[in-house]
Amino acid sequence: MGRVVIDSEKCKGCLLCVEVCPRNVLKKSETYNSKGIYPVYAENKNNCIGCALCAKRCPDMAITEVYR
Amino acid sequence: METLVFQKPSRIKKDCKVTFCPGCDHGVAIRIIAELLDELGIADKTIVVSSIGCSVFLNDYYDLDIVEAPHGRALAVATGVKRAKPDKFVFTYQGDGDFASIGLGESMHALSRGEKVTAICINNTNYGMTGGQMAPTTILGQKTTTTINGRDAEVQGYPIKICEMAAVCDGAAFVARCSLDSSKEIENTKKMIKRAFESQINGLGASVVEILSICPTNWRLSPQESHERVRRELYPVYPLGIYKDKANK
């Protein structure tokens, strides 16, 4: 089981991480951050395998750490 | 027991906020370069030459020594830095407008002289920062703010192909084109940049890595559609691969 640490203030909501996640862990949030952007959050936390594909895809380095 | 499998590279500033448009591939390129500097252990002796364009804010992200070059003159400045400090590791970070339009003369002469520097060129097929005007790398038929009916070969001519031009320079040691449209290509791009860096460390000559990138804002597409466009429209015009490699001749 893995775990992702997301800095929602850095997220710009491009949703590229949602596209690459093989286990559908990430989802767009219903609430917006201080910039008025709906960031992603880890909804299905138990599905995460810690592959770090999302972190390597994120252009804004908003997924700061991945644990496995 | 959890193990850390991914973290930000050490030379990315702790409090840095990436200021590119949502989905822009610049951030990925900046991160993989910082990872390679850590892996190769050369961060302490690196001097980066940044350019004009979207790549201008490099000093906001990197905790490295950075020189800001005038528009298009990044490889000319890098030549001076490398000749004054031959023991330093020098690379430029440029866009396609900077490398292939304003700085085409400087770029080609630096490659022909075989300066022992590395050029990273981010090709998004338009002038991103100034509002999406036509660049020399804009492909035929592509709509930009200055080619509203699409680029026409009769009027604006044909696109410039950076890697094909760089590969004919005798001084160039490593020339490759890669993309950032998928996780697989991101890994491949990292390998290509690593080989370019190694060719400079081994003193073989100049090295160029052209990276096909997206510009969702000026292409008027979502990031996902932009990556699809790279695969559909840019791959046939700009084929990926290694165009020259002196180390494995």
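Residues numbered from 1 in each chain as written. Chains lettered and ligands numbered in written order. Predicted model: local features only at pLDDT ≥ 70, side-chain atom pairs only at ≥ 80, totals over all residues.

Visitor: I keep staring at the overall build of chain B and nothing clicks. Help me out?
Guide: Per the secondary structure count, chain B includes 10 helices and 8 strands. Rg of the C-alpha trace for chain B: 17 Å, near the compact-globule value of 18 Å for 249 residues, within the 12% margin. Counting only residues that meet the buried cut, chain B has 51% of its 249 residues in that class. Sequence separation of 24 or more characterises 67% of the internal contacts of chain B that already satisfy a separation of 6 or more. (Helix = DSSP H or I, 4+ residues; strand = E, 2+ residues; numbered from the N terminus. Rg over C-alpha atoms; globule rule 2.2 N^0.38 Å. Buried ≥ 20, exposed ≤ 12 C-beta atoms within 10 Å, placed from the backbone. Contact = placed C-beta atoms within 7 Å.)

Visitor: Explain the overall build of chain A to me, please; I cannot follow it from the model alone.
Guide: Along the backbone of chain A there are 2 helices and 4 strands. When the elements of chain A are put in sequence order from the N terminus, they spell out β-α-β-β-α-β. A globule of 68 residues ought to have a C-alpha radius of gyration of about 11 Å, and chain A, at 11 Å, matches this closely. Once the C-alpha set of chain A is aligned to its principal axes, its extents read approximately 30 × 20 × 20 Å. Counting every position in chain A, which comprises 68 residues, the buried fraction comes to 41%. A separation of at least 24 residues holds for 62% of the contacts in chain A among residues at least 6 apart in sequence.

Visitor: Teacher, can you tell me more about the packing of helix H3 (residues 74-84) of chain B against helix H5 (residues 104-113) of chain B here?
Guide: A pair of packed helices can be characterised by two numbers: the angle between their axes and the separation between those axes. Residue and element names in this part refer to chain B. Put simply, H3 and H5 touch, their axes get as near as 7 Å, and they point 40° apart. Viewed along their axes, H3 and H5 adopt a mutual orientation that is oblique. Here H3 contributes Leu75, Ala76 and Thr79 to the contact with H5, which in turn contributes Glu106, Ser107 and Ala110. When grouped by side-chain class, the residues that make up the contact of H3 with H5 number 3 nonpolar, 2 polar and 1 charged. (Axes fitted to C-alpha atoms, helices over the stretch in contact; angles between N-to-C directions. Parallel < 35°, antiparallel > 145°, perpendicular 65-115°, else oblique. Nonpolar A, V, L, I, M, F, W, Y, C, P; charged D, E, K, R; others polar.)

Visitor: Got a minute to help me understand the sheet that holds strand S8 (residues 241-245) of chain B in this structure?
Guide: Backbone-to-backbone hydrogen bonds pair the strands of a sheet. The strands run either parallel or antiparallel. Residues and elements named next belong to chain B. Strand order in the open sheet made by the 7 strands is S3-S2-S4-S5-S7-S6-S8, with mixed pairing throughout. Of all the strands in the sheet, just strand S3 (65-68) and S8 have a single pairing partner and so form its edges. The sheet shows a mean angle of 15° between the axes of neighbouring strands, direction not considered. As paired strands, strand S2 (residues 46-50) and strand S4 (residues 89-95) are joined by 5 bridges and run parallel to one another. Of the residues in S4, the one forming a bridge with Thr46 is Phe89. Where H3 meets the sheet, its contacts fall on S2, S3, S4 and strand S5 (118-123), and the angle it forms with S4 comes to roughly 175°. (Pairing = 2+ DSSP bridges.)

Visitor: Help me out: how do you make sense of the packing of helix H1 (residues 26-40) of chain B against helix H8 (residues 183-201) of chain B in this one?
Guide: Residues and elements named next belong to chain B. Packing of H1 against H8 leaves a shortest axis separation of 10 Å and a crossing angle of 50°. It follows from the interaxial angle that H1 and H8 lie oblique. The chirality of how H1 crosses H8 is right-handed. Residues Val28, Ile32, Ile33, Leu36 and Leu40 of H1 lie in contact with H8, whose contacting residues are Ile186, Thr189, Lys190, Ile193, Lys194 and Phe197. For the contact of H1 with H8, the class distribution of residues is 8 nonpolar, 1 polar and 2 charged. (Left-handed = near helix turned anticlockwise from the far one by under 90°.)

Visitor: Whenever I open this one, the pairing of strand S1 (residues 3-6) of chain A confuses me. Can you help?
Guide: Residues in a regular strand point their side chains to alternate faces of the sheet. All names here are of chain A. Side chains Val4 and Ile6 of S1 all project onto a buried face; the interleaved residues Arg3 and Val5 project onto a face where none is buried. Direction of pairing for S1 relative to strand S4 (residues 63-67): antiparallel, over a ladder of 4 bridges. Looking at S4, one finds that Val4 is bridged to Val66.

Visitor: How should I be thinking about H5 of chain B in this particular structure?
Guide: Note on helix geometry: an α-helix contains 3.6 residues per turn, so any two residues three or four positions apart are oriented the same way. All of the buried residues along H5 of chain B are Glu106, Ser107, Met108, Ala110 and Leu111 of chain B. Looking one or two residues past H5 of chain B, Gly114 of chain B carries a phi angle of roughly 70°, positive in sign.

Visitor: Would you mind going over the interface of chain A and chain B with me for this structure?
Guide: Contacts between the two partners involve 22 residues from chain A and, on the opposite side, 23 residues from chain B. Of all elements in the fold, only helix H1 (16-20), helix H2 (53-57) and S4 of chain A reach the threshold of two or more residues within the side of chain A that touches chain B. Taken together, the residues that form the side of chain A that touches chain B break down as 10 nonpolar, 3 polar and 9 charged. By the bridge criterion, 3 bridges tie S4 of chain A to strand S1 (residues 4-7) of chain B in an arrangement that is antiparallel. In the strand pairing of S1 of chain B, Val66 of chain A is matched with Phe6 of chain B.

Visitor: I would appreciate a short explanation of the nonpolar core in the present structure.
Guide: Soluble, globular proteins show a tendency: their nonpolar side chains are buried together. All names here are of chain B. Core analysis: the largest hydrophobic core is formed by 87 residues, its most contacted members being Ile120 and Val208. Ranked by residues supplied to this core, first place goes to H1 with 8 residues. Excluding anything up to four places from it in sequence, Val208 contacts Leu111, Ala119, Cys121, Cys163, Ala166, Ala172 and Val175. (Core = buried A, V, L, I, M, F, W, Y, C linked by C-beta atoms within 7 Å.)

Fair warning: the whole summary comes from geometry, so function is off the table for now.
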